[in-house]
Amino acid sequence: MPEEEPKTTTEPEILAKLSTREEGLAATEVQERLQTYGYNEIIEKKINPVLKFLRYFWGPIPWMIEVAAILSAVIHHWEDFGVIMVLLVLNAVVGFWQEHKADNAIELLKQRLALEARVKRDGRWQEIAARELVPGDWVRVRLGDIVPADLQLLSGAYLLADESTLTGESLPVEKHVGDTAFAGANIRQGEMDAVVTATGMNTYFGKTAKLVEEAKTQSHFQKAVIKIGNYLIVLAVLLVAVIFLAALFRHEDLMMTLQFALVLTVAAIPVALPAVLSVTMAVGAIALAKKEAIVSKLLAIEEMAGMDVLCSDKTGTITKNELTVGEVKPWGGFTATDLLFFATLASREEDLDPIDAAIFSKFKAIAGDTPKSCEVKVYKPFDPVSKRSEAQCEGDAGPFTVAKGAPQVILELVGADSALSSQAGELIDDFAHGGMRTLAVARQDADQTWEFIGLIPLYDPPREDSAATIQTAQAMGVEVKMVTGDHEAVAKEIARQVHLGTNIQPASAFLDRPILEASEVVEQADGFARVFPEHKYQIVQLLQSLGHIVGMTGDGVNDAPALKKANAGIAVAGATDAAKSAAHIVLTKPGLSVIIDAIKESRKIFQRMNSYAIYRIAETIRVLFFIALTILIFNFYPVTAVMIVLLALFNDAPIMAIAYDRVKYSNEPERWDMRVVLGMATLLGLIGVISSFFMFYVASQILHLPALVVQSFIFLKLAVAGHLTIFLARTRGPFWSIRPSGILFWSSVLTKGLATLLVVYGWYVAPIGWKLAGFIWGYCIIAFLLTDACKVGLYKLLDHRDIRFKR
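Residues numbered from 1 in each chain as written. Predicted model: local features only at pLDDT ≥ 70, side-chain atom pairs only at ≥ 80, totals over all residues. Heavy atoms only, no water.

Looking now at the packing of helix H25 (residues 674–702) against helix H26 (residues 707–729). In helix packing, the relevant descriptors are the interaxial angle and the interaxial distance, both defined with respect to the helix axes. Axis separation between H25 and H26 bottoms out at 10 Å; the angle between their running directions is 155 degrees. Classified by the interaxial angle, the pair formed by H25 and H26 is roughly antiparallel. When the axes of H25 and H26 are compared, the crossing they make is right-handed. For the pair H25 and H26, contact is made by Leu-684, Gly-688, Ser-691, Ser-692, Met-695, Phe-696 and Ala-699 and by Val-710, Phe-713, Ile-714, Lys-717, Leu-718 and Leu-728, respectively. (Axes fitted to C-alpha atoms, helices over the stretch in contact; angles between N-to-C directions. Helix = DSSP H or I, 4+ residues; strand = E, 2+ residues; numbered from the N terminus. Parallel < 35°, antiparallel > 145°, perpendicular 65-115°, else oblique. Left-handed = near helix turned anticlockwise from the far one by under 90°. Contact = heavy atoms within 4.5 Å.)

Let's shift gears to the pattern of salt bridges. Tallied over the entire structure, the rule returns 20 salt bridges. Linking Arg-118 and Asp-145 is a salt bridge whose minimum nitrogen-to-oxygen distance equals 2.6 Å. Residue Arg-118 is located in strand E1 (residues 116–121), and its partner Asp-145 is located in the loop between strand E3 (138–142) and strand E4 (150–162); the two are separated by 27 residues in the primary sequence. When sorted by exposure, Arg-118 lands in the same class as Asp-145, which is buried. Each of Arg-140, Glu-191, Asp-193 and Arg-348 takes part in one network of salt bridges that share partners. (Salt bridge = Lys/Arg side-chain N within 4 Å of Asp/Glu carboxyl O. Buried < 20%, exposed > 50% of the residue type's maximum accessible area, 1.4 Å probe, protein only.)

Right, let's talk about helix H20 (residues 533–545) for a bit. All of the buried residues in H20 are Pro-533, His-535, Lys-536, Ile-539, Val-540, Leu-542 and Leu-543. In an axial view of H20, the angular spread of the buried residues amounts to 165 degrees, which keeps them on one side of the axis. Buried positions along H20 lie against strand E9 (309–313), strand E17 (479–483), helix H19 (515–524), strand E19 (527–529), strand E20 (550–554) and helix H21 (560–565). Count one or two residues on from H20 and you reach Gly-547, which has phi positive near 90 degrees. (Arc of directions from axis to C-beta.)

Here the focus is the environment of Leu-546. By secondary structure assignment, the location of Leu-546 is in the loop between H20 and E20. Exposure remark for Leu-546: the relative accessible area of 37% places this residue in the partly exposed category. Sequence-wise, Leu-546 and Leu-516 are 30 residues apart; in three dimensions their C-alpha atoms are separated by 9.4 Å. Contact partners of Leu-546, with chain neighbours within four places excluded, come to Ser-519 and Glu-523.

Of all residues in the protein, 77% have pLDDT values of 70 or greater, and the mean over the chain is 78. For the stretch residues 53–62, pLDDT sits under 50, and the model shows 26 contacts to residues farther than four places along the chain or on other chains. Scored below 50 in pLDDT, residues 208–217 shows seven contacts in the model against residues more than four places distant or in partner chains. (pLDDT = per-residue confidence, 0-100.)

Along helix H17 (residues 466–475), the residues classified as buried are Ser-466, Ala-467, Thr-469, Ile-470 and Ala-473. Axial view of H17: buried residues confined to an arc of 165 degrees, hence all on one face. In this structure, the buried residues of H17 make contact with helix H12 (314–318), E17, helix H18 (488–497) and helix H23 (592–634). Backbone geometry just downstream of H17 places Gly-477 in the positive-phi region, at approximately 80 degrees.

With that settled, consider the sheet that holds strand E22 (residues 585–587). Ordered in space as E8-E22-E21-E20-E9-E17-E19-E18, the eight strands form an open sheet in which the pairing is mixed. If you trace the sheet from one side to the other, it starts and ends with strand E8 (293–295) and strand E18 (504–506), each paired once. For this sheet the average axis-to-axis angle between neighbouring strands, irrespective of direction, equals 20 degrees. Alignment of E9 against E20, held across three bridges, turns out to be parallel. Note on E20: the bridge partner recorded for Val-309 is Val-550. Relative to E18, H18 is tilted by about 160 degrees, and along the sheet it contacts E17, E18 and E19. Sheet strands in contact with H20 are E9, E17, E19 and E20, and its direction is about 170 degrees off that of E20. (Pairing = 2+ DSSP bridges.)

Let us now look at the packing of aromatic side chains. By the definition in use, this model includes 17 aromatic pairs. Look at Phe-694 and Tyr-779: their rings are 5.7 Å apart centre to centre, the planes differ by 15 degrees, and that puts the pair in the stacked class. In this pair, Phe-694 sits in helix H25 while Tyr-779 sits in helix H28 (residues 769–806), placing the two residues 85 residues apart along the sequence. For Phe-694, a relative accessible area of 43% translates into the label partly exposed. The exposure class of Tyr-779 is buried, given its relative accessible area of 18%. An aromatic cluster is built from Phe-334, Phe-341, Phe-342, Phe-363 and Phe-400, whose rings are joined through pairwise contacts. When the ring centre of Trp-125 is taken as reference, the NZ or CZ atom of Arg-140 above it lies at 4.5 Å. Above the face of the Phe-400 ring, Arg-443 is positioned so that its terminal group lies 4.7 Å from the ring centre. (Phe/Tyr/Trp six-rings, centres within 6.5 Å; stacked < 30°, edge-to-face > 60°. Lys NZ or Arg CZ within 6 Å of the ring centre and 35° of its normal.)

The next point concerns the side chain of Lys-404. When you line up the elements, Lys-404 lands in strand E14 (residues 398–405). Its relative accessible area of 5% is what places Lys-404 among the buried residues. Engagement of the side chain of Lys-404 in a polar contact is seen with the backbone oxygen of Ala-346, the distance being 3.3 Å. A distance of 2.7 Å separates the side chain of Lys-404 from the side chain of Ser-347, its partner in a polar contact. Here Lys-404 is in contact with Ala-343, Ala-346, Ser-347, Asp-356, Ile-359, Arg-388, Ser-389, Ile-410, Leu-439, Ala-440 and Val-441, once residues within four sequence places are set aside. (Polar contact = N/O pair within 3.5 Å; in protein donor to acceptor, adjacent residues only side chain to side chain.)

So, on to the pairing of strand E2 (residues 124–129). Note that E1 and E2 share six bridges and pair antiparallel. The residue bridging Arg-118 from the neighbouring strand is Glu-127, located in E2.

A few words on the pairing of E9. Every other side chain in a regular strand lies on the same face of the sheet, so the side chains alternate between the two faces. Most of E9 sits out of view: five of its five residues are buried. Burial along E9 is two-sided: Val-309, Cys-311 and Asp-313 and Leu-310 and Ser-312, pointing in opposite directions, are all buried. Alignment of E9 against E17, held across five bridges, turns out to be parallel. Across the sheet, the residue bridging to Cys-311 is Lys-481, located in E17.

Next comes the structure, spelled out in structure tokens:
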């Protein structure tokens, strides 16, 4: 059962004070009320930085290292204890700082998506951030807005408000003068003026909001990486269990074995996984924001990378959304000035609607600033369902009503006969073949009879970069389908101008058809005409049923379901608040080129994540299998527990820099190919195991080094080779084919240098000197070059098999 509608939070003294003051609050009053009521922030959740730091110090993975540190103290290995504790603190500092930077980045993006409100202050309408509203402000809400505060409705016809997030009621609620519109509700229809009665935590939504963690949806790639992590954990636990059982069978010291087993498990677990994910996503989101695409849901970055179909609005995305009125066609005894005059009555200049602005501009060009000879009593804004706007007016000859909207709707409204419909239809077709859309205007006198006034053609030229951008998208494996509510002829003309295909299908071509037939129509079409917002949802659904990853653009409140349904919902520049809240990505600049830039950046981010996955699996196989097999076969611990902790730290520090790595975007939609990832990671890992065993043989059998020196020798080999594995994993071609970023390169050099100094001078390990260190470096570089050649060969083999499979 739906919850009862909440009680109003009206403040009668505010209403009484403002009811006679339609000029709104003065600036001084606003400042006074900001001091009294504060900013309109419903909830501000901040995690205590100390708690965040402790989470990294004592989390699901660090606790095992801490247990190892405690065991070191129990067995009086104080050097091990000290080193492990220092590394723990360092790990917590690095993790905390990276998450802090990611949180700050996301917070900046949220601020750019902040709601705005239309408010009347000092007698002038203006747009301000919704958080700056105060009780007593005079505001206007209309179709597509999210109500910015609790409001008492004062004037206007009606509102249809979706309060499902507040009350649980799925059906929109009709609101009239005197009713309360609650903060957070979506306006589905209508337009009204209102007074703010409560803001922030004093609103109904603010009072009932609970401080709970937002549920996060995992994308396909995140799920895959987490599965890899789980696989590595299971593998590590099994191998460590075998080592532990072998130690028990050999009657070795239980505490030392347990300490080693714990840190070995840590080495195999992808400790940096959460940090790498969050930092890479946050850095990518900032890069997208610089390209005028604000990410509101991070999972969309990965979905954009794999998108192969983009359904793009015509108006404002492919075209300029700079409407100009062509040669108007008045009907009957009306003149062009009459037609435009009546059209302005059914428009509102202050709403900044592009169509209304074009009509006002044309009317002023013909008639000048002549004052209107009648008064608009009731104005009903454009409704996407009825496809028209209306105004009830009072003139010298008495009351009358004006309607402006889609020609087919207006013709039906006036009850057009066949002759009128035929003549108007011919003109509309002529306009459409010239790439112009058409509006019709009609009026109704006191006798309740509607009279057709005429047609207004509107031309919206394509953007200069649309044709080139569409070609770029097609070259990147993304099929662009145009979606418009205009006539097929208009859509075909615009499609021809931007070099899209001209297979434009009306919405009726796939509605009420069997799923297979409808899916085929939608897949083969180059675009869709006469589309209502609700049809977009079906287009997305049909394309997804065929396995496509679909992007959909939108700007209106009725586009919200399609934006939410799409893999990548894109709210275009100037979209309503409702569309922005449903979308995954919000554009702040018009045009297709922004979307293409977002696709390129998303594919770069995907490749960075793919590189990390290959590296992480390969490194685990290389280290874990080598250590486990050396212990089981030779009954020798090739590295100490402290060395394993150091390896984990040295390897994870530079890999975090992969978020900033320089990569080239793919010319094909990205797909998570586990066969390639596991195949490549296994190859790199197994070559690493063989290489490590050869070095172990050299150190113990040829050079006859002492056991402690062998451990330092092997530690440096694992450290240097591990860092070089990063540069193997990041490219499909030779390692030099894409130059790494400076931060990735120098972080690797720095950590390798530290590892070298550590073993050369014997800091907490047995010293080996520069001669042996140089030998290890030379060997690792030669092995790196040979492994790189094997990697390139395997990629060619896998790519060749893919081509044969596709054939």
